[in-house]
Amino acid sequence: NGENLEPMGAVTMTVNMTYLGEALGELPLSPSVYAMIADQHGRVTMMTSRARETVFHKNVSESQIRNPENQPPCRADQINDAGCWWDAPKPLTLFDAQKEGFSGINFKDMLINVFNESNDHQCSSGVRTWTLDVPNCGCGQNCSCQHLAVFCRLLAYPEWAIFVVAPLEELQGAAIFTVDKENITVDSIDKKKVYEDNIVVQNTGRVKLPFTATVSVGKGDNMSGTTVEPSNGTLAPGENTTLALKFNLSAFGYGTSSGWVIVQPDLSDDLGNCFRTHTSTRFSFTRQKKPQTLLQVSGISVSVIATVVLFIILYRVVSSFLRKYYDDMAKEHSTIAKALQATQELSFPMVLLKVATFKKHGKFVAFEDILNESLWLHTIQDIDDFLTKDIKNKLGKKNKVIFMSHQWTAFSEPDHTGEQYKGMVEAVDTVIDQNNWDVEDTYVWLDYSSIPQRHRPSQTAAINSLTVYAAKVSAFIVVAPKVDHKDLEGVLCDEDTYKKRAWCRAEQLSHLLAQAGDNMFLAKKKRPSQSMPGFLRLNDEPAWLEQSIEVFKGELTCCRRKHVGMDMCDRERLVVPMLGLWAQLCRTIRSQADENDQNKDESEESADDKRAFADLKEIHQHLSERIHEVFPETFSYEFENGSEERPLFGKLVQRLQEHLDKEALQPKEEQNKKEKHWAKLRIATKMARLPANGGRRLSQALRSSMTT
């Protein structure tokens, strides 16, 4: 019957897609690469054998995916037979991967992303990537692997998407160049004008990759006449080539000159741009300067020689000074750009825990161990929507966020006794009870669970976004019970030690400058006669708030441990977020002042808004008067056997002010774009604040501390 036949085009397309998937599954990027084609419901059109083994398990066949119960179709005489099917059985989907016995991969978020309404993931416009956690990857108990997925939607059939996936760890070794020589050293080049050598470059990865070879020499040396042949090419896996090096020694000065022959993927090539790891061979040449006698310089005026020497010295000094000046200026501009960016967009998502999740584990849980249970807000707009829009099916109800601040009671763990966790649980319950919040709509931000702990670059990115996190919370609670420090004999961690910690001061200052301190509390231990622990409003503690301003006078564990095995001091890591915080305050003051000038009628502005702006304005004035104390130009970096003075803020605050002044002179159109951003930030901050409940004004507290 012709009506039951599938159209020939559909059959051909299915076969072609199957061959395409198998071809993708054989890519040499990883020995474990797998591929599949699926729709937004997780229904699989094609799946390579390795994909079936990875997503489900090794014994799952293609027929079992189509028919999980393995039942045959019913015959005409099996009308009441339950062991067969009349309607086609429901196949396994990607969502079934989380069932017991399978890989546990959660494909939901990735499928939502690729099949969004904007249709911006078409294969014709490039591919996108997504990182998947694989809980059951065979690496042992309590561990998980990560796979990197590359995907795009088919142009002709946008309801389907191609996914090529491989273990992240294997991809990192897919393209690697190595050289056979680490160093080329020549101790004496007096009689040589040209030096020739060679190095062998080999592709030890799994991908055919283009390369470039360049020469970089030290400051003051000239690389003219130094060549590498060939300077570029392409190497297949396991293939090698010899690079001929020719050095024009006359271009090098007296003493020791050094540099590097650098081999790296060709970044101008699409494939080379995917792999940026380079390798290098260091070279070093020494030219001895022969002493000259007066006879050798006969006929040349001594004054001429002295003038030439003086000119050379002066040239070197001026060149060195100018080089350092422009290097420092470039570094300053880069730091200011990062600080300003940290106030306008998230360097790392805001990661929150539901109160129920926070309580469930009974202790602090590291960021990496609670990924699947945390909520990620990737942009400032996501955070604003989360806090300001009514919760679905709960008219007038909005989400609330509690920022938990504490100190680490051991070098390698934040809460070795669990006392801080108990105090936090009591504090969360008290805040929810006092403000009549719905526990289902309340979330917790905790540094140990919300900031990466094992990946330093991601941790730095999250720290740079601290100012944005602090501006969004509904309550800031300090928990500092008395606990003996695990690694420091005789040291008791309590409220006094908390106030001295630089990181604790940074968190407080971030929140203080964002919301004027209205909702900052210290959780006090619950007494036997109390049903709930007490709260101390920090606005009523002027000395406490005054100390929080002096972030860079605070104590740091890295300094206590003399920075052994560390690449930088945490004071240096705090420069970008603290500078961004100051920029945010300056912009807020200027923006609000401009609005007040343009809108003389302030009847729509609430008393709370007026008070908050007045407080922020006075805080800004207070900090401006102590700007060099709050943002010190230098600091003392301690070693095991001494210390040295290092730059910290230098002239960054001055350069930032110059940038903001130029910004104020921009055309109105440019200013309006920035005003929209700050307006959104103020609206979200206003929505996050607790209602005013009789707390002492921050400006009064600061004035009180200055007079005592």
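As the structure is a prediction and not an experimental result, all values here were calculated from the model.

Calculation rules
- Residues numbered from 1 in each chain as written.
- Predicted model: local features only at pLDDT ≥ 70, side-chain atom pairs only at ≥ 80, totals over all residues.
- Heavy atoms only, no water.
- Helix = DSSP H or I, 4+ residues; strand = E, 2+ residues; numbered from the N terminus.
- Areas by Shrake-Rupley, 256 points an atom, 1.4 Å probe, with all protein chains shown as cover.
- 1 Å grid on protein atoms, 1.4 Å probe; cavity = no way out; pocket = protein on both sides within 12 Å on 5 of 7 lines; lining within 4 Å.
- Points joined across faces, edges and corners; volume = space filled by probe spheres on them.
- Nonpolar A, V, L, I, M, F, W, Y, C, P; charged D, E, K, R; others polar.
- Pairing = 2+ DSSP bridges.
- Axes fitted to C-alpha atoms, helices over the stretch in contact; angles between N-to-C directions.
- Expected span 1.5 Å × (residues − 1).
- Buried < 20%, exposed > 50% of the residue type's maximum accessible area, 1.4 Å probe, protein only.
- Contact = heavy atoms within 4.5 Å.
- Phe/Tyr/Trp six-rings, centres within 6.5 Å; stacked < 30°, edge-to-face > 60°.
- Lys NZ or Arg CZ within 6 Å of the ring centre and 35° of its normal.
- pLDDT = per-residue confidence, 0-100.
- Disulfide = S-S within 2.5 Å.
- Polar contact = N/O pair within 3.5 Å; in protein donor to acceptor, adjacent residues only side chain to side chain.

### A word on the overall build of the protein
Okay, step 1: Looking only at helices and strands, one finds 23 helices and 25 strands in the protein.
Okay, step 2: Of the accessible surface of the protein, which amounts to about 38100 Å², a share of 51% is contributed by carbon and sulfur atoms.

### Side note on empty space enclosed by the protein
Okay, step 1: Here the structure, examined in full by the defined rule, presents one cavity of 30 Å³ or more.
Okay, step 2: Volume-wise, the largest cavity comes out at about 30 Å³.
Okay, step 3: Along the walls of the largest cavity sit Leu-353, Thr-357, Phe-358, His-361, Lys-363, Val-365, Ile-370 and Ser-449, which together make up its complete lining.
Okay, step 4: Across the lining of the largest cavity, the residue classes break down as four nonpolar, three polar and one charged.

### A few points about the sheet that holds strand 10 (residues 227-229)
Okay, step 1: One open sheet holds the four strands; their spatial order is 6-8-12-10, and the pairing between them is antiparallel. With partners counted over all chains shown, the strands left at the sheet margins are strand 6 (177-179) and strand 10, one partner each. Sheet twist, expressed as the mean angle between neighbouring strand axes with direction ignored, is 25 degrees.

### Things to note about helix 9 (residues 419-435)
Okay, step 1: Here helix 9 is 17 residues long and its end C-alpha atoms lie 25 Å apart, about the 24 Å a rise of 1.5 Å per residue gives.
Okay, step 2: For helix 9, the full list of buried residues reads Gln-420, Tyr-421, Gly-423, Met-424, Val-425, Ala-427, Val-428, Thr-430, Val-431 and Ile-432.
Okay, step 3: Structurally, helix 9 contributes buried residues whose contacts are with helix 7 (355-360), strand 17 (400-405), strand 18 (442-446), strand 19 (475-479), strand 22 (520-523) and strand 23 (535-537).
Okay, step 4: With its phi angle positive at about 55 degrees, Asn-436 sits one or two positions after the end of helix 9.

### Notes on the layout of surface pockets
Okay, step 1: Considering only enclosed or pocket space, the second largest pocket measures out at about 980 Å³ in volume.
Okay, step 2: Lining the second largest pocket are 34 residues, with Trp-408, Phe-411, Trp-503, Thr-557 and Asp-570 positioned closest to its centre.
Okay, step 3: Every element with two or more residues in the lining of the second largest pocket is listed here: helix 11 (456-464), helix 14 (502-515), helix 16 (557-560) and helix 17 (570-573).
Okay, step 4: Tallied by class, residues from the lining of the second largest pocket come to 16 nonpolar, nine polar and nine charged.

### Observations concerning the packing of aromatic side chains
Okay, step 1: The tally for this structure, following the rule as stated, stands at 21 aromatic pairs.
Okay, step 2: Centroid distance Phe-177 to Phe-211: 6.0 Å. Interplanar angle 75 degrees. Geometry classified as edge-to-face. Of the two residues, Phe-177 sits in strand 6 while Phe-211 sits in strand 9 (residues 209-217), which places them 34 residues apart along the sequence.
Okay, step 3: Relative accessible area serves as the criterion here: at 5%, Phe-177 is assigned to the buried category.
Okay, step 4: We classify Phe-211 as buried; its relative accessible area is 2%.
Okay, step 5: Both rings, one in Trp-445 and one in Tyr-469, keep their centres 5.8 Å apart while their planes meet at 45 degrees; by these two values the pair is tilted. Within this pair, whereas Trp-445 is found in strand 18, its partner Tyr-469 is found in helix 12 (residues 466-471), the two being separated by 24 residues in sequence.
Okay, step 6: Feature note: the residues Phe-403, Trp-445, Tyr-469 and Phe-476 constitute an aromatic cluster, connected by ring pairs.
Okay, step 7: Over the face of the ring belonging to Tyr-637 we find Arg-646, whose NZ or CZ atom lies 3.6 Å from the ring centre.

### Some details on the pairing of strand 8 (residues 194-203)
Okay, step 1: Of the two faces of strand 8, only the one carrying Tyr-195, Asp-197, Ile-199, Val-201 and Asn-203 is buried; Val-194, Glu-196, Asn-198, Val-200 and Gln-202 on the other face are not.
Okay, step 2: Sheet topology places strand 8 next to strand 12 (residues 240-248); nine bridges connect them, and they run antiparallel. Residue pairing across strands places Glu-196 opposite Lys-246, the latter belonging to strand 12.

### What to know about the environment of Glu-555
Okay, step 1: In this fold, Glu-555 is placed in the loop between helix 15 (542-549) and helix 16.
Okay, step 2: Accessibility expressed as a relative area gives 36% for Glu-555, which makes it partly exposed.
Okay, step 3: Note: C-alpha distance between Glu-555 and Lys-499 (56 residues apart in sequence) is 9.4 Å.
Okay, step 4: When sequence neighbours within four positions are dropped, the list of residues in contact with Glu-555 reads Lys-500, Arg-501, Ala-502 and Arg-560.

### Regarding unusual backbone geometry
Okay, step 1: The omega angle of the peptide bond from Glu-229 to Pro-230 is -5 degrees, so this bond is cis rather than trans.
Okay, step 2: Phi is positive for Asn-436, close to 55 degrees, though the residue is something other than glycine.
Okay, step 3: Summarising the element assignment, Asn-436 is placed in the loop between helix 9 and strand 18.
Okay, step 4: You will see that Lys-562, though not glycine, has its phi angle at about 60 degrees, which is positive.
Okay, step 5: As for its placement among the helices and strands, Lys-562 is situated in the loop between helix 16 and helix 17.
Okay, step 6: Lys-562 gets classed as partly exposed once you look at its relative accessible area, which sits at 34%.

### Side note on the sheet that holds strand 3 (residues 128-134)
Okay, step 1: In spatial order, the strands read 2-1-5-4-3; together these five strands make up an open sheet with antiparallel pairing. Here the strands that pair on one side only, and so sit at the sheet edges, are strand 2 (44-47) and strand 3. When the angles between neighbouring strand axes are averaged without regard to direction, this sheet yields 25 degrees.
Okay, step 2: Direction of pairing for strand 1 (residues 34-38) relative to strand 5 (residues 161-167): antiparallel, over a ladder of five bridges. The residue bridging Ile-37 from the neighbouring strand is Ile-162, located in strand 5.

### Notes on the side chain of Thr-442
Okay, step 1: Here Thr-442 lies in strand 18.
Okay, step 2: Excluding anything up to four places from it in sequence, Thr-442 contacts Leu-353, Lys-354, Val-355, Lys-400, Ile-402, Ile-432 and Trp-437.

### Some thoughts on the confidence of the model for the protein
Okay, step 1: Residues of the protein with pLDDT of at least 70 account for 79%, and the chain-wide mean is 79.
Okay, step 2: Long-range and interchain partners of residues 294-298, a stretch whose pLDDT sits below 50, account for three contacts in this model, where long-range means more than four residues apart.
Okay, step 3: Every residue in residues 687-698 is under pLDDT 50, and counting partners more than four places away or in other chains gives 43 contacts.

### Considering the state of the cysteines
Okay, step 1: Counting across every chain of the model gives one disulfide.
Okay, step 2: Each disulfide pairs two cysteine sulfurs, and for Cys-74 the partner residue is Cys-84, the sulfurs being separated by 1.9 Å. Of note, the bridge from Cys-74 to Cys-84 carries an S-S torsion of about 100 degrees and is right-handed in sense. Remark: Cys-84 occurs in the loop between helix 3 (62-66) and helix 4 (108-114) and Cys-74 occurs in the loop between helix 3 and helix 4; sequence separation between them is ten residues. Taken individually, Cys-74 and Cys-84 each receive the classification buried, so the pair is uniform in this respect.
Okay, step 3: Looking at the unpaired Cys-558, the closest cysteine sulfur is the one in Cys-569, lying at 3.8 Å.

### A few points about the side chain of Glu-368
Okay, step 1: Note that Glu-368 resides in the loop between helix 7 and strand 16 (375-377).
Okay, step 2: In this structure the side chain of Glu-368 is engaged in a polar contact, spanning 2.9 Å, whose partner is the backbone nitrogen of Gln-453.
Okay, step 3: A polar contact is formed between the side chain of Glu-368 and the backbone nitrogen of Arg-454, at a distance of 3.0 Å.
Okay, step 4: In this structure Glu-368 touches Pro-452, Gln-453, Arg-454 and His-455, once residues within four positions along its chain are discounted.

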